[in-house]
Amino acid sequence: MYQNEPLIFEKSSPGRRCFIPPACDVPEKPITNLLPQKMLRKREIKLPEVSEIDVVRHFTRLSQKNFCVDTNFYPLGSCTMKYNPKINEDAARLEGFTKLHPYQPVEQCQGILELLYTLEQMLVTISGMKAFTLQPAAGAHGELTGMMIIRAYLDKQGEKRHKIIIPDSAHGTNPASAALCGYEVESIRSNPAGLIDVNKLKTAFDRNTAALMITNPNTLGLFEKDILEICKIAHDAGGLVYCDGANMNALLGITRPGDMGIDILHLNLHKTFSTPHGGGGPGAGPIGVTEKLKPFLPVPRIETGKKSTTEGVRQDTSVAGQGQKYYFLNYQHPDSIGRVRAFYGHIGIMIRTYTYLLSLGKEGICKVGKFSILNANYLRHKLIKYYDIPYGKTCMHEFVISAKKQRQQGASALDIAKRLLDYGFHAPTIYFPLIVEEALMIEPTETESLETLDAFADAMVQIATDIEQKPESVRNAPKTTPVGRPDEVKAAREPTLKWEH
Ligand SMILES: *Cc1c(COP(=O)(O)O)cnc(C)c1O
């Protein structure tokens, strides 16, 4: 009925108001007597004339058009749309945090500094890296920061290396970040199993190579089982290994990149660590490094001990009691690549992560990895009879279907994704990774129930059956959403944002 919510201007009715103020009890003066001419509007502003209930219903309805994890299953591969516990939001909204000013002296910010410091230590424990910075604002920003650290480290060794090697299954941000940092990118083809080809890597990793940039588990949802040898090849050639840890879900509590020989790792707090994302909102892409790369991390570093706040060294104040830990920001790291983000980064996200980790505890975190793998394999198993799943016999936290067969029958990966909307499911990631034809990348996450997984599998099976029998029924999907199939390019490039009379 209100599927097609009109613009609020279209609901306008002359003279209708939200609020009618009492009559003015002081003499009225014309506005022209009160403001200089140049400040007055040339023509009357066109505002919608609506009642309060009109406004409330309009925006409430619009808000309900959002598809979100809080309403439905969202198996968007590589994006880890897990449930974001509401306790995270409570913590992030505590006044002690929201009313802090970023310029407040560190003596008055001991609480948040302790939280950030502790969070860094937690990430160290989880990942096996030696130190973390929380500054980068997103995964891709973490990658860029990592590339800058690699460059700074090699420069310091007097080494000029120009190349970064990246597998062809990588997320698009990987080559983009390397290129933005001035590196040449060499792509290496995955082997038939969807993994890094160790022999190809051996030949490719020469004295001109600064680093290998890998993702483990990779974007096919497969664990790089030769990871120890892969890291050794890079290290033997004097290079480094960067790991894109945006999707760390499957490893949580099971294994650690730091133990595999990874030199730099970024994590996406807004994926693995249950902070809301999508729609371009704030994220956080902390990076962890090994001991030898620690001096190059961005400043300021959050450290504990005595004295020193900003650039200048200041005597310790007596705020911290005897023997109490005192947190401060240390700018005195001469090899640092400098600052990559204003203030401390997106601390709202960090508070949510900290809350998430504390509320799960060690045992809970260890279950995340196992359940995310179990859920993905459960779905994979239910779909294998109906769809082609080209790589691997088992998967990590996600898997990639190829709708090649369905395409031949008359409906593409895009059609299948669109059809899922009619069943109330968000579409999986499609046409990525690039090495899978008609790819549908499915990541259920550990937060979904058996019932939800079954319902999704049923929908996928129904769609496959429909494509076999009457592909046109899927080709025109979605049929029940407020908007069917917009021209995707036009919708993105020429959105109608203005309302004209
Ligand atoms: C999401 C993602 C990124 C980029 O993270 P942003 O926070 O969106 O910049 C990089 N690599 C992989 C594998 C990802 O899934």
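Residues numbered from 1 in each chain as written. Predicted model: local features only at pLDDT ≥ 70, side-chain atom pairs only at ≥ 80, totals over all residues. Heavy atoms only, no water.

Moving on, we get to the environment of S51. Structurally, the position occupied by S51 is in the loop between α1 (31-34) and α2 (52-64). Between the C-alpha atoms of S51 and R16, which are 35 residues apart in sequence, the distance is 5.9 Å. Look past the residues within four positions of S51 in its chain and what remains in contact with it is R16, R17 and C18. At 3.1 Å, the side chain of S51 forms a polar contact with the side chain of D54. (Helix = DSSP H or I, 4+ residues; strand = E, 2+ residues; numbered from the N terminus. Contact = heavy atoms within 4.5 Å. Polar contact = N/O pair within 3.5 Å; in protein donor to acceptor, adjacent residues only side chain to side chain.)

Among the 13 residues in the neighbourhood of the ligand, the closest are listed as S78, G139, D244, H270 and K271. D244 places a polar side-chain atom, nitrogen or oxygen, 2.5 Å from a nitrogen atom of the ligand. Between H270 and the ligand, the recorded distance is 2.7 Å, taken from a side-chain N or O atom to an oxygen atom. With the chains in place, 86% of the 380 Å² that the ligand exposes on its own is no longer accessible. Listing elements by their share of the shell around the ligand, those giving two or more residues are α6 (139-156) and α11 (269-272). At three residues, the largest contribution of residues to the shell around the ligand is made by α6. The residue makeup of the shell around the ligand, split by class, is three nonpolar, seven polar and three charged. (Near = heavy atom within 4 Å. Areas by Shrake-Rupley, 256 points an atom, 1.4 Å probe, with all protein chains shown as cover. Nonpolar A, V, L, I, M, F, W, Y, C, P; charged D, E, K, R; others polar.)

This part covers the packing of aromatic side chains. Evaluation of the coordinates by the stated rule reveals seven aromatic pairs. For the pair F73 and F425, a centre-to-centre distance of 6.0 Å together with 90° between the ring planes defines the contact as edge-to-face. Taken together, the positions of F73 in the loop between α2 and α3 (86-92) and F425 in the loop between α14 (413-422) and β11 (429-430) put the pair 352 residues apart, joining distant regions of the chain. Using a relative accessible area of 4% as the deciding quantity, one classes F73 as buried. Ring geometry for F425 and F456: centres 5.3 Å apart, planes at 90°, overall edge-to-face. Of the two residues, F425 sits in the loop between α14 and β11 while F456 sits in helix α15 (residues 450-469), which places them 31 residues apart along the sequence. In this structure, F425 and F456 share a single accessibility class: buried. Through a chain of ring-to-ring contacts, three or more aromatic side chains come together here, namely F73, F425 and F456. Its end group placed over the ring of Y183, R151 keeps NZ or CZ at 4.5 Å from the ring centre. (Phe/Tyr/Trp six-rings, centres within 6.5 Å; stacked < 30°, edge-to-face > 60°. Buried < 20%, exposed > 50% of the residue type's maximum accessible area, 1.4 Å probe, protein only. Lys NZ or Arg CZ within 6 Å of the ring centre and 35° of its normal.)

The axes of two packed helices give the description: the angle between them and the distance between them. Close contact between helix α5 (residues 110-127) and helix α12 (residues 347-383) brings their axes to 10 Å; oriented N to C, the two are set at 60°. Between α5 and α12, the angle falls in the class oblique. As for the relative orientation of α5 and α12, their crossing is left-handed in sense. Note on element contacts: α12 touches α5 through I347, M350, I351, T353, Y354, L357 and L358, opposite I112, L115, L116, T118, L119, M122, L123 and I126. For the contact of α5 with α12, the per-class residue count stands at 13 nonpolar, two polar and no charged. (Axes fitted to C-alpha atoms, helices over the stretch in contact; angles between N-to-C directions. Parallel < 35°, antiparallel > 145°, perpendicular 65-115°, else oblique. Left-handed = near helix turned anticlockwise from the far one by under 90°.)

A few words now on the sheet that holds strand β1 (residues 131-133). Strand order in this open sheet of seven strands is β1-β7-β6-β5-β4-β2-β3, and the pairing throughout is mixed. Two strands close off the open sheet at either side, each with one partner strand: β1 and β3 (184-188). Mean inter-strand twist for the sheet, computed between neighbouring axes without regard to direction, equals 25°. Here strand β4 (residues 209-215) pairs with strand β5 (residues 240-245) via five bridges, running parallel. Note on β5: the bridge partner recorded for T215 is D244. Contacting β1 and β6 (264-267), α5 crosses the sheet at an angle of about 125° to β1. Running at roughly 170° to β5, α6 makes contact with β2 (163-167), β4, β5, β6 and β7 (287-289) of the sheet. (Pairing = 2+ DSSP bridges.)

This paragraph deals with the environment of L360. Mapped onto the elements of the fold, L360 is located in helix α12. Residue contacts for L360: discarding those within four places in its chain leaves I365 and V368.

As enumerated under the stated definition, the model contains 28 salt bridges in all. We note a salt bridge from R352 to E89, for which the minimum N-O separation is 2.9 Å. On the criterion of sequence distance, the pair formed by R352 in helix α12 and E89 in helix α3 is long-range, its members being 263 residues apart. Since its relative accessible area comes to 14%, R352 is described here as buried. For E89, a relative accessible area of 15% gives the class buried. (Salt bridge = Lys/Arg side-chain N within 4 Å of Asp/Glu carboxyl O.)

Phi is mostly negative for residues that are not glycine, and the peptide bonds are mostly trans. In this model, F432 is joined to P433 through a cis peptide bond whose omega is -5°. Mapping P433 onto the fold places it in the loop between β11 and β12 (439-442). Between A477 and the following residue, P478, the backbone shows a cis peptide bond with an omega angle of -5°. Residue position: P478 is located in the loop between α16 (472-475) and α17 (488-493). The residue E438 is not glycine, and still its phi comes out positive at about 50°.

Geometric values such as these leave the question of function open.
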